[in-house]
Amino acid sequence: MSTNTTDNQRKVTTRRFIEMKQRGEKIAMLTAYDYTMASIVDGAGMDAILVGDSASNVMAGNATTLPITLDEMINYTKSVVKGVKRALVVTDLPFGSYQGNSKEALASAIRIMKESGAEAVKLEGGSEIRESIERIISAGIPVMGHLGLTPQSINKFGTYAVRAKEEAEAAKLIEDAKMLEEVGCFAVVLEKIPAALATKVSQSLSIPTIGIGAGNGCDGQVLVYQDMLGLNTGFSPKFLRRYANLAQVINDALGRYIDDVKSGDFPNKDEQY
Ligand code: KIV
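Residue numbers here run from 1 along each chain, matching the order of that chain's written sequence. Owing to the predicted nature of the model, reporting of local features is limited to residues with pLDDT of at least 70; listing and counting of side-chain atom pairs is limited to 80 or more, with chain, interface and lining totals taken over all residues. Side-chain numbers here rest on the full set of heavy atoms in the structure, without hydrogens or water.

**Notes on the nonpolar core**
Nonpolar cores are built from buried Ala, Val, Leu, Ile, Met, Phe, Trp, Tyr and Cys residues. Side-chain atoms within 4.5 Å join them into one set. Partly exposed residues are those whose accessible area sits between 20% and 50% of the maximum for their type, while under 20% is buried and over 50% is exposed, using a 1.4 Å probe and protein chains only. In terms of nonpolar packing, the biggest core is built from 77 residues, with F17, L93, V121, L123, I136, M144 and L190 touching the most fellow members. Counting from the N terminus, the helices are the DSSP runs of H or I reaching at least four residues and the strands are the DSSP runs of E reaching at least two. In terms of residue count, helix α8 (residues 167–183) provides more of this core than any other element does, 7 residues in total. In what follows, residue pairs with any heavy atoms lying within 4.5 Å of each other are defined as contacts. With residues near it in sequence (within four places) discarded, L93 still touches L70, Y98, A105, S108, A109, I112, V121, K122, L123, I136 and Q152.

**A short note on the site of the ligand**
We call a residue near a molecule or strand when any one of its heavy atoms sits within 4 Å of it. Taken together, T31, L50, G52, D53, S54, D92, K122, H146, V189, I212, V222 and V224 form the complete shell of residues around the ligand. Taking D53, its side chain carries an N or O atom lying 3.0 Å from an oxygen atom of the ligand. Any N or O atom pair separated by 3.5 Å or less is treated as a polar contact, with the protein-specific requirement of one donor-capable and one acceptor-capable atom, and with residues adjacent in sequence counted only for side-chain atom pairs. One of the side-chain nitrogen or oxygen atoms of S54 is found 2.5 Å away from an oxygen atom of the ligand. Summarising the interface, the protein chains cover 95% of the accessible area of the ligand, which totals 260 Å² for the free molecule. Three categories are distinguished: nonpolar for Ala, Val, Leu, Ile, Met, Phe, Trp, Tyr, Cys and Pro, charged for Asp, Glu, Lys and Arg, and polar for the others, with Gly belonging to the last. Classifying every residue of the shell around the ligand by side-chain character gives 5 nonpolar, 4 polar and 3 charged. Every accessible area reported is derived by Shrake-Rupley at a probe size of 1.4 Å, with residue values counting cover from the shown protein chains alone.

**Some details on the packing of helix α6 (residues 130–138) against α8**
Across the interface, α6 lies against α8 with an axial gap of 10 Å and an inter-helix angle of 25 degrees. In terms of their interaxial angle, α6 and α8 are classed as roughly parallel. Classified by chirality, the crossing of α8 by α6 is right-handed. Across the interface between the two elements, R130, I133, E134 and I137 from α6 touch M179, L180 and V183 from α8. For the contact of α6 with α8, a count of residues per class yields 5 nonpolar, no polar and 2 charged. To get an axis, fit a line to the C-alpha atoms, keeping to the stretch in contact for a helix; angles then go from 0 to 180 degrees between the N-to-C directions. Here the word oblique covers every angle except those under 35 degrees (roughly parallel), over 145 (roughly antiparallel) and from 65 to 115 (roughly perpendicular). Definitions for this section: a left-handed crossing has its near helix turned counterclockwise from the far helix by less than a right angle. A right-handed crossing has that turn clockwise.

**Some points on the environment of F266**
Tracing the sequence through the fold places F266 in the segment after α11 (246–263). A relative accessible area of 38% places F266 in the partly exposed class. Residues contacting F266, with those up to four places away along its chain left out, are Y257, D260, V261 and E271.

**Some words on the pattern of salt bridges**
Any carboxyl oxygen of Asp or Glu that lies within 4 Å of a side-chain nitrogen of Lys or Arg is treated as forming a salt bridge with it. Applying the stated rule across the entire model yields 13 salt bridges. E119 is paired through a salt bridge with K11; the nearest N and O atoms lie 3.0 Å apart. Taken as a pair, E119 in the loop between α5 (102–116) and β4 (120–122) and K11 in the segment before α1 (14–23) lie far apart in primary sequence, 108 residues in all. For E119, a relative accessible area of 27% translates into the label partly exposed. Taken together, the shared-partner salt bridges connect D71, R111 and E115 into one network.

**Concerning the confidence of the model for the protein chain**
What pLDDT conveys is the predictor's confidence in a given residue, as a value from 0 to 100. Residues at a pLDDT of 70 or more form 97% of the protein chain, whose mean pLDDT is 96. When pLDDT is averaged over each element of the protein chain, strand β2 (residues 48–51) comes out on top at 99 and helix α7 (residues 154–157) at the bottom at 96.

**Details of the sheet that holds strand β6 (residues 187–191)**
At least two DSSP bridges between two strands are required for those strands to pair. If you trace the 8 strands once around the closed barrel, you get β1-β2-β3-β4-β5-β6-β7-β8, paired in parallel fashion. Each neighbouring strand pair of the sheet contributes to a mean axis angle of 25 degrees, computed without reference to strand direction.

**Side note on the pairing of β2**
Alternating positions in β2 separate into two faces, A48 and L50 on one and I49 and V51 on the other, with burial throughout. For the crossover that starts at strand β1 (residues 27–31), traverses helix α2 (residues 35–43) and ends in the parallel β2, the hand is right-handed. In the sheet, β2 pairs with strand β3 (residues 88–92) via 4 bridges, with the strands oriented parallel. What sits directly across from V51, in β3, is T91. For crossovers, right-handed means that the path from the first strand over the helix to the second runs clockwise, given strands pointing away from the viewer.

**Concerning the side chain of S102**
By the element assignment, S102 lies in helix α5. Residue classification places S102 among the buried residues on the basis of a relative accessible area of 5%. Sequence-distant contacts of S102, that is, excluding residues within four places in its chain, are made with E131, S132 and R135.

Laid out in structure tokens, this is it:
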């Protein structure tokens, strides 16, 4: 287990997220979608695990996050929760499960919390979904906001390019971030926005900001594990740092296995009963 965290045994809670910001301790968050990976990520000392709707892309092979369903998110999240002892588990409410109206949003949030064991939900958007966020929080469910590039709105944006470069969009993002804090969100993801804007937002909020492609001024960072571990080699945005090349490691191992099976070397005498 990494020893970088000040207290690497104690369960991470939403309250602790805010204490970490107050102490100036950065928050490390990574995605996971299954039991085995969640156990590894948790064991490494990650503060939080996001069961992102990026599962739609990296697990199910869809081009966008739109097709993933609430049932699928519940299944991914259930597996992750079983593998986690310490990290805070946050799960995404998928597209179509909360935008309709706030009652539907609450029903979706209650279902995913009850059936998966997640400890918080993440929703994309600002003022448009204020009522839904308020209703979910009033039921005792912690909410993480998500502003900037919100992939569930890709058909509105038409591009995955950096958001809020223009003054009007940046001003709305600042307003939305303040609103998320006011209604009781415990944190907010800032995705793919200029670093200066993310720093300004982070400094103006008492809740932590978790950046992805939003620079070093955020209170924490989140990445998709397939991207940072080099499993998803076709995705190389500027913000991504690759910590391993697992596609290569796996490919080499599989090649050796195939050779050993074909040559009759595997299994040997010690590997049989
Ligand atoms: O779905 C996801 O993985 C996310 C992160 C990219 C923040 O929302």
